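Secondary and tertiary structure notes
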Amino acid sequence: MAKKSKQMRAALEKIDSTKAYSVEEAVVLAKSTNFAKFDATVEVSYNLNIDVKKADQQIRGAMVLPAGTGKTSRVLVFARGAKAEEAKAAGADFVGEDDLVQKIQGGWLDFDVVIATPDMMAVVGRLGRVLGPRNLMPNPKTGTVTMDVAKAVEESKGGKITYRADKAGNVQALIGKVSFEDDKLVENFRALNNVIVKAKPSTAKGTYITNLTLTTTQGVGIKVDPNSF
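This is a predicted model, so every value here is computed, not measured.

What follows covers the packing of aromatic side chains. Counting across every chain of the model gives three aromatic pairs. Relative to tryptophan 108, the ring of phenylalanine 94 lies with its centre 4.8 Å away and its plane at 85°, an arrangement referred to as edge-to-face. Of this pair, phenylalanine 94 sits in strand β4 (residues 94-96) while tryptophan 108 is found in the loop between α4 (98-105) and β5 (113-116), placing the two residues 14 residues apart along the sequence. Residue classification places tryptophan 108 among the buried residues on the basis of a relative accessible area of 13%. Both rings, one in phenylalanine 189 and one in phenylalanine 229, keep their centres 5.1 Å apart while their planes meet at 75°; by these two values the pair is edge-to-face.

Structure (structure tokens):
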């Protein structure tokens, strides 16, 4: 614990907590202050001035990061017949119907993304209490309820992330790994920011992005200037 707190203090000394850094500066700082022994994930956290209780101010969606996520997602697909074969051919890790429902109800959760064809949603709906709280429930808004299962599987394997504003208007998303080159993290960050900015509800008043932070797993939060984009 003492060693970790010493590393944390050293990291904090490199960061000016009163300053909002540019995108490029923040990425360099995040990597240089990372003290995790593994290839840590780089994440961003937005605090948005929105009221998610209003239907037109809910922000949720998905996008494919241009430089990928640095991890390979385990993709599960609920489909039957030709669509099941299509999912397998596209590289899905698990494909099935009621058999997978029973397996998940039994406590199995070794997957990261769930995709379903529309006709399978009645079956998948039985898993609402399990998948819902884990943000794994297929949803048309994130492209995970679709007839084009091949495209959905390929995107999930190739760097697709989902984002969603919580009750307090916070949106958290990963933009890569510490091992990424600086310019790749900046590229992913800029792509995500473009999506978040475009998602601004027309009814949202005042400053939209009230706080923006970049951090690594176990790392220190670094404030980012939204105007630096």
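Counting 41 residues, the largest nonpolar core has Tyr46, Leu48, Phe189, Leu192 and Leu214 as its most contacted members. Elements represented by at least two residues in this core include exactly α2 (23-32), β1 (41-48), β6 (160-164), β7 (170-177), α8 (182-198) and β8 (209-216). Top element by residues in this core is α8. It accounts for six residues. Among residues more than four places away in sequence, those in contact with tyrosine 46 are Gly169, Asn170, Val171, Phe189, Leu192, Asn193, Ile196, Ile209, Asn211 and Leu212.

Moving on, we come to the sheet that holds β5. The sheet built from three strands is open, its strands ordered β4-β3-β5 with parallel pairing. The two strands at the open ends of the sheet, each matched to only one other strand, are β4 and β5. Geometrically, the sheet is characterised by an average inter-axis angle of 15° between neighbouring strands, direction not taken into account.

A positive phi is found at asparagine 135, a non-glycine position, where the angle reads about 60°. Position of asparagine 135 relative to the elements: it lies in the loop between α6 (128-131) and α7 (149-157).

Let us look at the sheet that holds β7. Spatial strand order, β7-β1-β8-β9: four strands in an open sheet with antiparallel pairing. Two strands bound the open sheet, and with one partner strand each, they are β7 and β9 (222-223). In terms of strand pairing, β8 meets β9 through two bridges, oriented antiparallel. Note on β9: the bridge partner recorded for leucine 214 is isoleucine 222.

Turning next to the packing of α2 against α8. Interhelical geometry of α2 versus α8 gives an angle of 125° and a closest axis separation of 10 Å. In terms of orientation, α2 lies oblique with respect to α8. Pair α2 / α8 crosses with right-handed handedness. Together, Val23, Glu24, Val27, Val28 and Lys31 of α2 and Asp182, Leu185, Val186, Phe189 and Arg190 of α8 make up the contact between the two elements. Of the residues contributing to the contact of α2 with α8, the split by class is six nonpolar, no polar and four charged.

Now for the confidence of the model for the chain. Residues of the chain with pLDDT of at least 70 account for 96%, and the chain-wide mean is 91. Here helix α1 (residues 2-13) is the element of the chain with the lowest mean pLDDT, 66, and strand β3 (residues 75-78) is the one with the highest, 98.

Let's shift gears to the pairing of β8. Where β1 and β8 come together, seven bridges link them in antiparallel fashion. In the strand pairing of β8, tyrosine 46 is matched with leucine 212. Between the end of β8 and the start of β9, which pair antiparallel, lie five residues, with glutamine 218 showing a positive phi angle near 70°.

What follows covers the pairing of β3. Because side chains alternate across β3, one face comprises the buried residues Val75 and Val77, and the other comprises Leu76 and Phe78, equally buried. Judged from the four bridges that link them, β3 and β5 form a sheet pairing that is parallel. The residue of β5 that forms the bridge with phenylalanine 78 is alanine 116. Bridge analysis of β3 against β4 gives three bridges, and the strand direction is parallel. Opposite leucine 76, over in β4, you have phenylalanine 94 as the bridge partner. A crossover links β3 with its parallel partner β4, the connecting element being helix α3 (residues 81-90), and its sense is right-handed.

Turning our attention to the packing of α3 against α7. Between α3 and α7, the least distance of the axes is 8 Å, while the angle of their chain directions is 25°. When the axes of α3 and α7 are compared, the pair comes out roughly parallel. Seen along the crossing, α3 lies across α7 with a hand that is right-handed. In this structure, α3 uses Lys83, Glu86, Ala87 and Ala90 to contact α7, whose residues at the interface are Val149, Ala150, Val153 and Glu154. For the contact of α3 with α7, the residue count by class is five nonpolar, no polar and three charged.

Definitions and cut-offs
Residues numbered from 1 in each chain as written. Predicted model: local features only at pLDDT ≥ 70, side-chain atom pairs only at ≥ 80, totals over all residues. Heavy atoms only, no water. Phe/Tyr/Trp six-rings, centres within 6.5 Å; stacked < 30°, edge-to-face > 60°. Helix = DSSP H or I, 4+ residues; strand = E, 2+ residues; numbered from the N terminus. Buried < 20%, exposed > 50% of the residue type's maximum accessible area, 1.4 Å probe, protein only. Core = buried A, V, L, I, M, F, W, Y, C linked by side-chain atoms within 4.5 Å. Contact = heavy atoms within 4.5 Å. Pairing = 2+ DSSP bridges. Axes fitted to C-alpha atoms, helices over the stretch in contact; angles between N-to-C directions. Parallel < 35°, antiparallel > 145°, perpendicular 65-115°, else oblique. Left-handed = near helix turned anticlockwise from the far one by under 90°. Nonpolar A, V, L, I, M, F, W, Y, C, P; charged D, E, K, R; others polar. pLDDT = per-residue confidence, 0-100. Right-handed = clockwise from strand over helix to strand, strands pointing away.

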